[in-house]
Amino acid sequence: MRNSIKPSHLIDADIGQLTKLFFEVEYHSEDFIYIQIMMSYYLNDLAKLKRMQDTLTKDSFFDVFLKARIAILENRSYQIKSIDNFRDSPYLGDLFFAMALIAAQKEDHLAVKDNFLMAHHSYMKIGAQKKALNAQMNTITAEGNIDIRKRLLSNYIEALDILIKRGSFTSAANICVNIADEFHKVGAQRSAFRYLEKALKLLEDQNNTLQYAQALTHLCETQFCLNQKFNAMKTLEELHRYEFKEIKESTKAIENLYLNGKNKINNDSLTTAWRIRLNRTTAVNLLGELSDQLILLLAHRPYHFSELIDQLYPNIDEIDAKNRLTTLISRINKKDDGLIQFDQEAQTYTLSNNEKIEFASKESIK
């Protein structure tokens, strides 16, 4: 008799942990089937997933779950007749998670939010804490996609430490990329670079995965934005080694945007982030180092004027420091109108559209 392992343990495991756990579960058990599917999915092994279809009972939970994972890799839609038939499965949360990813490919952000929210509740019921937090963060991301003005930086930064403390490095890396993307949009490229480096460090034992390669595409772009062309070209060379279709198309996009390339790009294989970049009509900003530091501070929380002076000008005469900070804020807002705002009631400076959102109930986020 092999060891009894809780489904929550398997759900919270990354590919490295699943590889070890594979030898500890009962042969042909539900846990065994789950590990086989997820390992093949993480490695983008579509051929193996399709071979598994013949071994599963038609319309069973794992038959449906397998088809959903195949649909994600094939970038196509998939509908479930009735999810109520699977309410008793401890792996239900991962089915909701898969349906959220399928909805994301169609950019149906409401469906993405609803499915990630249901995944969160399913994970919480069985104690899969890491994946529950991952689903929660993805729900917040979906909320941001519904209202693209929301930056969500304070939410992400707050969650990042929790994810790392819980050992949820894959989810933490995903959050780092989201944070970096928001910094990139406003021109805080130095902060973006630091968070992308952190993402890659968190994923260093998963450098053969799609997630690692996607983070690498964003690092490469940031290196170009920071005028680090030598390093950017080295990263680009590394990206060419990956066979994922998403990475091949993202790499072409980088070459077109930053090296005057003329590549023909298949938009269907691009992530939303790279489609947005290709459709961008204005150049990306590169803020100065002090401006970048100010954006980083305000990304965490609102600050009083005096607090900002203490952080940015600790050894400067008070009157001079006030003038410098006022000029700095004005300069940033000239480049990005209204990026830094003053809250009269709280007497604090804030980053626009960076209000925290919280889970209010099963149905909504506020």
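Residues numbered from 1 in each chain as written. Predicted model: local features only at pLDDT ≥ 70, side-chain atom pairs only at ≥ 80, totals over all residues. Heavy atoms only, no water.

**Q** Any chance you could explain the overall build of the protein chain here in plain terms?
**A** Summing up its helical and strand segments, the protein chain has 18 helices and two strands in all. The C-alpha atoms of the protein chain give a radius of gyration of 22 Å, which matches the 21 Å a tight globule of 366 residues would have. Each principal axis of the C-alpha atoms in the protein chain carries an extent, and together these give about 75 × 50 × 35 Å. A separation of at least 24 residues holds for 57% of the contacts in the protein chain among residues at least 6 apart in sequence. Approximately 18,500 Å² of the protein chain is accessible, and the part contributed by carbon and sulfur atoms is 48%. (Helix = DSSP H or I, 4+ residues; strand = E, 2+ residues; numbered from the N terminus. Rg over C-alpha atoms; globule rule 2.2 N^0.38 Å. Contact = heavy atoms within 4.5 Å. Areas by Shrake-Rupley, 256 points an atom, 1.4 Å probe, with all protein chains shown as cover.)

**Q** Would you take a moment to explain the state of the cysteines for this structure?
**A** Disulfides are covalent bonds that link the sulfur atoms of two cysteine residues. Counted according to the given criterion, the structure contains zero disulfides. Unpaired in this structure, C176 has its nearest cysteine sulfur neighbour in C225, at a distance of 18 Å. Overall, the relative accessible area of 0% leaves C176 in the buried class. Considering cysteine sulfurs only, C225 is the nearest to C220, which forms no disulfide, with 9.9 Å between them. (Disulfide = S-S within 2.5 Å. Buried < 20%, exposed > 50% of the residue type's maximum accessible area, 1.4 Å probe, protein only.)

**Q** Help me understand the nonpolar core in this model?
**A** For soluble globular proteins, nonpolar side chains are generally found buried alongside one another. Counting residues in each nonpolar core, the largest one holds 67 residues, and the members touching the most others are I179, F183, L294, I295, L325 and I340. In terms of residues, this core owes the most to one element, helix α10 (residues 169-186), which gives nine residues. (Core = buried A, V, L, I, M, F, W, Y, C linked by side-chain atoms within 4.5 Å.)

**Q** Before we go on, may I ask you to explain the packing of aromatic side chains in this structure?
**A** Centre distance and the angle of the planes are the two values used to describe a pair of aromatic rings. Evaluated as defined, the whole model comprises 18 aromatic pairs. Ring plane angle 85 degrees and centroid distance 5.4 Å describe the contact between F22 and F23, whose orientation is recorded as edge-to-face. With relative accessibility at 59%, the residue F23 sits in the exposed group. Taking 5.9 Å as the distance between ring centres and 55 degrees as the angle between the ring planes, the aromatic pair formed by F62 and Y91 counts as tilted. (Phe/Tyr/Trp six-rings, centres within 6.5 Å; stacked < 30°, edge-to-face > 60°.)

**Q** Help me understand the pairing of strand β2 (residues 348-351) in this model?
**A** Regular strands place their side chains on alternate faces of the sheet. Burial along β2 is two-sided: T348 and T350 facing one way and Y349 and L351 facing the other are all buried. Note that strand β1 (residues 340-343) and β2 share four bridges and pair antiparallel. Counted as the bridge partner of D343 is T348 from β2. (Pairing = 2+ DSSP bridges.)

**Q** When you look at the packing of α10 against helix α12 (residues 210-225) in this model, what are you seeing that I'm missing?
**A** Any two packed helices are characterised by the angle at which their axes cross and by the distance between the axes. Viewed as axis vectors pointing N to C, α10 and α12 meet at an angle of 25 degrees, and their least axial separation amounts to 11 Å. Taken together, α10 and α12 sit at an angle that is classed as roughly parallel. At the point where α10 passes α12, the crossing takes the left-handed sense. In this structure, α10 uses T170, A173, N174, V177 and H184 to contact α12, whose residues at the interface are Q211, A215, H218, E221 and C225. Classifying every residue of the contact of α10 with α12 gives four nonpolar, five polar and one charged. (Axes fitted to C-alpha atoms, helices over the stretch in contact; angles between N-to-C directions. Parallel < 35°, antiparallel > 145°, perpendicular 65-115°, else oblique. Left-handed = near helix turned anticlockwise from the far one by under 90°. Nonpolar A, V, L, I, M, F, W, Y, C, P; charged D, E, K, R; others polar.)

**Q** For this particular structure, what's the right way to read the environment of A180?
**A** Along the polypeptide, A180 turns up in helix α10. Take A180: its relative accessible area is 3%, and that puts it in the buried class. For A180 and R190, which are 10 residues apart along the polypeptide, the C-alpha to C-alpha distance reads 9.3 Å. The contacts of A180, once residues within four sequence positions are left out, are A192, Y195 and L196.

**Q** Help me out: how do you make sense of helix α11 (residues 189-202) in this one?
**A** Note on helix geometry: an α-helix contains 3.6 residues per turn, so any two residues three or four positions apart are oriented the same way. Helix length check: α11, at 14 residues, gives a terminal C-alpha distance of 20 Å against a target of 20 Å (1.5 Å per residue), a fit within 8%. Residues of α11 that are buried: Q189, S191, A192, F193, Y195, L196, A199, L200 and L202. Residues of α11 that are buried in the fold lie against α9 (153-165), α10, α12 and α16 (289-300). (Expected span 1.5 Å × (residues − 1).)

**Q** Looking at this structure, how should I read the environment of E307?
**A** Here E307 is to be found in helix α17 (residues 305-312). There is a polar contact of 3.4 Å between the side chain of E307 and the side chain of R301. (Polar contact = N/O pair within 3.5 Å; in protein donor to acceptor, adjacent residues only side chain to side chain.)

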